[in-house]
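What the coordinates show
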Amino acid sequence: MNIIWHNQSKQYHLFNEKISYIMCVTPVGEIGSIYFGKRIHDKDDMSYVINRFALPNVTVDPDTESYSMELNRQEYPSFGTTDFGTQAYEVEQPNGSRISSFVYRNHRIYRGKPAITGLPATYASEEEAMTLEITLADNFAKMTLTLFYTIFKDHPVIARHVAFKNEGASAVKLTRALSACVDLPDMDYEWMQFSGAWARERIPEVKKISTGALSIESKRGTSSANQNPFVIVKRPDTDDFMGEAFGFSFVYSGNFLAKAEGNSFGRLRVLMGIHPDRFTWVLNPGEIFETPEVVIAMTDCGLNGLSQTYHELYNNHLVRGKWKNTPRPILINNWEATFMDFDEEKILSIARTAREAGVELFVLDDGWFGERNDDYAGLGDWIENPKKLPQGMAGLSSKINALGMKFGFWIEPEMVNPNSNLFRRHPEWVLAAPGRKSSLGRHQLVLDFSREEVVDHIYGMLKKVIGDAKISYIKWDMNRSLTEVFSPDLNADEQGMVYHKYVLGVYSLYERLTNEFPDILFESCSSGGNRYDAGMLYYAPQAWCSDNTDSIDRIRIQYGTSYGYPISSIGAHVSAVPNQQTGRTAPIETRANVAYFGTFGYELDLNTLSEEEFDKVKEQIRFMKEHRELLQFGTFFRLRSPFETDQAAWIVVSKDRKEAIFGFYCLRSNVNMMPGFLKLAGLDPDALYELDGEEYYGDELMHMGVALTDLCSDGLATGKDFVSYVKTLKVK
Ligand code: DGJ
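Given the structure is predicted, the values throughout are model-derived calculations rather than measurements.

Conventions adopted
- Residues numbered from 1 in each chain as written.
- Predicted model: local features only at pLDDT ≥ 70, side-chain atom pairs only at ≥ 80, totals over all residues.
- Heavy atoms only, no water.
- Pairing = 2+ DSSP bridges.
- Helix = DSSP H or I, 4+ residues; strand = E, 2+ residues; numbered from the N terminus.
- Axes fitted to C-alpha atoms, helices over the stretch in contact; angles between N-to-C directions.
- Contact = heavy atoms within 4.5 Å.
- Near = heavy atom within 4 Å.
- Polar contact = N/O pair within 3.5 Å; in protein donor to acceptor, adjacent residues only side chain to side chain.
- Areas by Shrake-Rupley, 256 points an atom, 1.4 Å probe, with all protein chains shown as cover.
- Nonpolar A, V, L, I, M, F, W, Y, C, P; charged D, E, K, R; others polar.
- Phe/Tyr/Trp six-rings, centres within 6.5 Å; stacked < 30°, edge-to-face > 60°.
- Lys NZ or Arg CZ within 6 Å of the ring centre and 35° of its normal.
- Buried < 20%, exposed > 50% of the residue type's maximum accessible area, 1.4 Å probe, protein only.
- Patch = residues over 30% accessible without salt bridge, like charges linked within 9 Å, V, L, I, M, F, W, Y side chains within 5 Å.
- Salt bridge = Lys/Arg side-chain N within 4 Å of Asp/Glu carboxyl O.
- Domains from an automatic or database assignment.
- Buried area = accessible area lost by both parts, 1.4 Å probe.
- 1 Å grid on protein atoms, 1.4 Å probe; cavity = no way out; pocket = protein on both sides within 12 Å on 5 of 7 lines; lining within 4 Å.
- Points joined across faces, edges and corners; volume = space filled by probe spheres on them.
- Parallel < 35°, antiparallel > 145°, perpendicular 65-115°, else oblique.
- Left-handed = near helix turned anticlockwise from the far one by under 90°.
- Right-handed = clockwise from strand over helix to strand, strands pointing away.

Re the sheet that holds strand β3 (residues 19-25)
With respect to topology, 4 strands assemble into an open sheet ordered β1-β2-β3-β4, the strand pairing being antiparallel. Edge positions in the sheet fall to β1 (2-6) and β4 (31-38), since each of these pairs with one other strand and no more. Across the sheet, the mean angle from the axis of one strand to that of its neighbour is 15°, orientation sign disregarded. In this structure, β1 lies alongside strand β2 (residues 11-15), joined through 5 bridges in antiparallel fashion. For H6, the partnering residue across the bridge sits in β2 and is Q11.

Structural data, given as structure tokens:
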């Protein structure tokens, strides 16, 4: 890993063993792109890449008379001169102009990686990463902007963000401040996005890129289940096993825009950042605005390679504290077992049986506080309901601890029901537009987390409940989108700051709680997977992946999630049948076979199971305890896509390739078909593996494949609906 500055040619080369990222100070003084891709040799001067053709109808810089931004690749394109593509930022200056040209002032190269104030970001030591900061200045706007690039030693990744500073005497308005722009020299690419809605999150969609723009966005205040802030730009023939691709992952949990735009000269521009709609940041003299981070990864060996990069990077350089690379406790959550209808005895009866099965952590979900007996009341009143918890959280937690289990509970700190003491006392603490009605979501309103006093109040209440009891886990939920986003605390000019300030408020509460209670495992949740993003992973190393607990649907949801997020982050539970969301009845084996590839737990009352099923649960828990480190932190490969076939398969392989576990799932049976083979991946080709008591070479399993004869029923079908198996391989 190194960052070289070629003084003569004014070029930068950031590289590690896998990638090169080359830039230059352009003839107009802005920063341009020369190359991003597989590692290439360093050279003093690559200016031959800069286009100086005087094409008809192209505008050029007056000093150079030949350089047009439109015909060249930019690193952080500005508005108002010779580039007509989507700009990365826009500054409204006191005279109303938005034209800008920030030109090179200086740069710094150093080891390590700086934090971003108030925002989540990847981190690295001086041995693990190097950073380049390039500061540009616009003398008319009297501002600087600093581009940050970090290259990691062991990962094909560049992390980027930007800081703006007002050096003038008057306030300016940032009306757009994206985090990164990558211009590529051709547009023979496809765009892959992860879209959906509640209960069907992160389903991959692939589109051809051409001239014009493709984009995804969220304007819901959260990153959302509808579009995930992670996209892939890949060659058309790139699949999971081969080919070139770039990933763009936004370390942010609010509104976002991700856009790909091909121009008429073959240039492909990819941009990502806070959504510019409804965003205006007032920057007073001397103030700095820092954007969130975008993590850009590159692969030349297929999408499994790209995903593994994100898995490794996020497990080692984003997740912090005690739970970094720590196998997750097997939990039981009472939500689907009781909803809000419970008392302490009911909870203890679920807990006792779960303990007998080997479960390690009990999670008390929604309904324990205030007048929360249905979803019309109580949010905001974070005080135990004595009818349900006579000795409070402390009493219940010590009873659960006495059974030999850890204990945790559910909160939804950003919300308030109109029917709550908090709202009655502080109706002005919600996001609401004066004189207009407030839209409801699940009968609740959104607290104005852009205000410090609101965050302080919620912090105080939660600190008390958590601090009084012995708490090992918190599930932090968030169950609606933001509407009527207006804060009475800010003046008219500043209303464009509310969405981002809200996210900063959420992060500040997370920061305070995780600092105060460093041993607690946080799981983020937003009606399932409505806020599944890299920003959340910085605070909460796991996320409830979806409210859809049907194992067959979960195969698709978890498969899609695995493109951008580590398996250790995927909250996955075995729930009751018929499934509460889909009505589907899948065997208990399949329900566990899917949940193993996640954090693993149960979401049902184990007392309702037959003796035979209960024995199976005990065996599942024993299996998970034995293999969870490999399952959650091994190298994960997608093998067969449920989006392309009626089957799915995936495998995790240990770092030393001596052990592996694969899962195979038949989503729908097809009659009168040959069973075929499943090719495994990631194994040591020369090693002899034991599988089902037989020996096989790694290359045999990877290139010939495992015969799927187990799935043949009476020679008529390749499987039965919902049948699955999980198998372990070990080098002898
Ligand atoms: C939505 C979550 O996704 C569920 O798991 C559950 O916690 C409910 N909220 C509780 O209200």
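Section: the sheet that holds strand β22 (residues 361-364)
Pairing within the open sheet is parallel, and its 9 strands lie in the order β29-β28-β27-β26-β23-β22-β21-β31-β30. Across the chains shown, the open sheet's two edge strands, defined by having one partner strand only, are β29 (570-571) and β30 (573-575). Bridge analysis of strand β21 (residues 331-333) against strand β31 (residues 601-603) gives 2 bridges, and the strand direction is parallel. Residue I332 lies in a different strand from β31, and its bridge partner there is Y602. Contacting β22 and β23 (406-411), helix α4 (residues 392-402) crosses the sheet at an angle of about 145° to β23.

Section: the site of the ligand
Taken together, 13 residues lie near the ligand, and D365, D366, R442, D477 and D547 sit nearest. R442 places a side-chain nitrogen or oxygen 2.7 Å from an oxygen atom of the ligand. The side chain of K475 places a nitrogen or oxygen atom 2.8 Å from an oxygen atom of the ligand. In the complex, the protein chains occlude 97% of the 300 Å² of accessible area that the ligand would expose alone. Of the residues that constitute the shell around the ligand, the class distribution is 4 nonpolar, 3 polar and 6 charged.

Some thoughts on the packing of aromatic side chains
This structure, assessed with the given rule, holds 44 aromatic pairs. Taken together, a centroid distance of 5.3 Å and an interplanar angle of 45° make the contact between F250 and Y252 tilted. Ring centres of F449 and Y502 lie 5.9 Å apart, and the angle between their planes is 45°; on these two criteria the pair is classed as tilted. Separated by 53 residues along the polypeptide, F449 in the loop between β25 (445-446) and α6 (452-468) and Y502 in helix α7 (residues 498-516) bring together distant segments of the chain. An aromatic cluster of three or more residues is present, and its members are F250, Y252, W476, Y507, Y510, F522, Y538 and Y539. Lying across the ring of Y459, R512 places its NZ or CZ 4.1 Å from the centre.

Focus: helix α10 (residues 588-595)
Counting buried positions along α10 yields 7 of 8 residues, so the element is predominantly enclosed. Along α10, the positions that sit buried rather than exposed are I588, T590, R591, A592, N593, V594 and A595. The inward-facing, buried residues of α10 abut α9 (551-561), β30, α11 (611-633), β33 (647-653), β34 (659-666) and β39 (724-731).

Details of a nonpolar patch on the surface
A cluster of nonpolar side chains, namely F53, L55 and F265, defines an oily patch on the protein surface of about 290 Å² accessible area. Inspection of the secondary structure puts L55 in the loop between β4 and β5 (89-92).

Side note on the domain arrangement of the chain
Here the chain is described as being made up of domain 1 (90-317), domain 2 (326-630) and domain 3 (640-731). Taken together, the contacts link 19 residues of domain 2 with 23 residues of domain 3. Interface area, domain 2 with domain 3, both sides summed: about 1800 Å², of which 77% is carbon and sulfur. Area buried by domain 2 at its contact with domain 3 is led by Y559, F597 and L630, which between them contribute 40% of it. Where domain 2 meets domain 3, there are 0 salt bridges.

Here we look at empty space enclosed by the protein
Within the structure shown, the criterion is met by 4 cavities of 30 Å³ or more. Quantified by volume, the largest cavity comes out at close to 60 Å³. Lining the largest cavity are Y252, N255, I274, H275, D277, R278, F279, G496, Y499, H500 and V503. The leading source of residues in the lining of the largest cavity is α7, at 3 residues. Its residues placed into classes, the lining of the largest cavity shows 5 nonpolar, 4 polar and 2 charged. In this structure, the lining of the largest cavity is formed jointly by two domains, domain 1 (90-317) and domain 2 (326-630), each of which donates at least three residues.

Considering the packing of α9 against α10
Interhelical geometry of α9 versus α10 gives an angle of 15° and a closest axis separation of 9 Å. The angle between α9 and α10 places the two elements in the roughly parallel class. When you trace α9 past α10, the crossing you get is left-handed. Two secondary-structure elements touch here, α9 through S551, I552, R554, I555 and Q558 and α10 through T590, R591 and V594. Looking at the contact of α9 with α10 residue by residue, the classes come out as 3 nonpolar, 3 polar and 2 charged.

What to know about the pairing of β23
Counting buried positions over the 6 residues of β23 gives 5, a clear majority of the element. Bridge analysis of β22 against β23 gives 4 bridges, and the strand direction is parallel. Residue pairing in the sheet places V363 in a bridge with G408 of β23. One crossover worth recording links β22 to the parallel β23 by way of α4, and it is right-handed.

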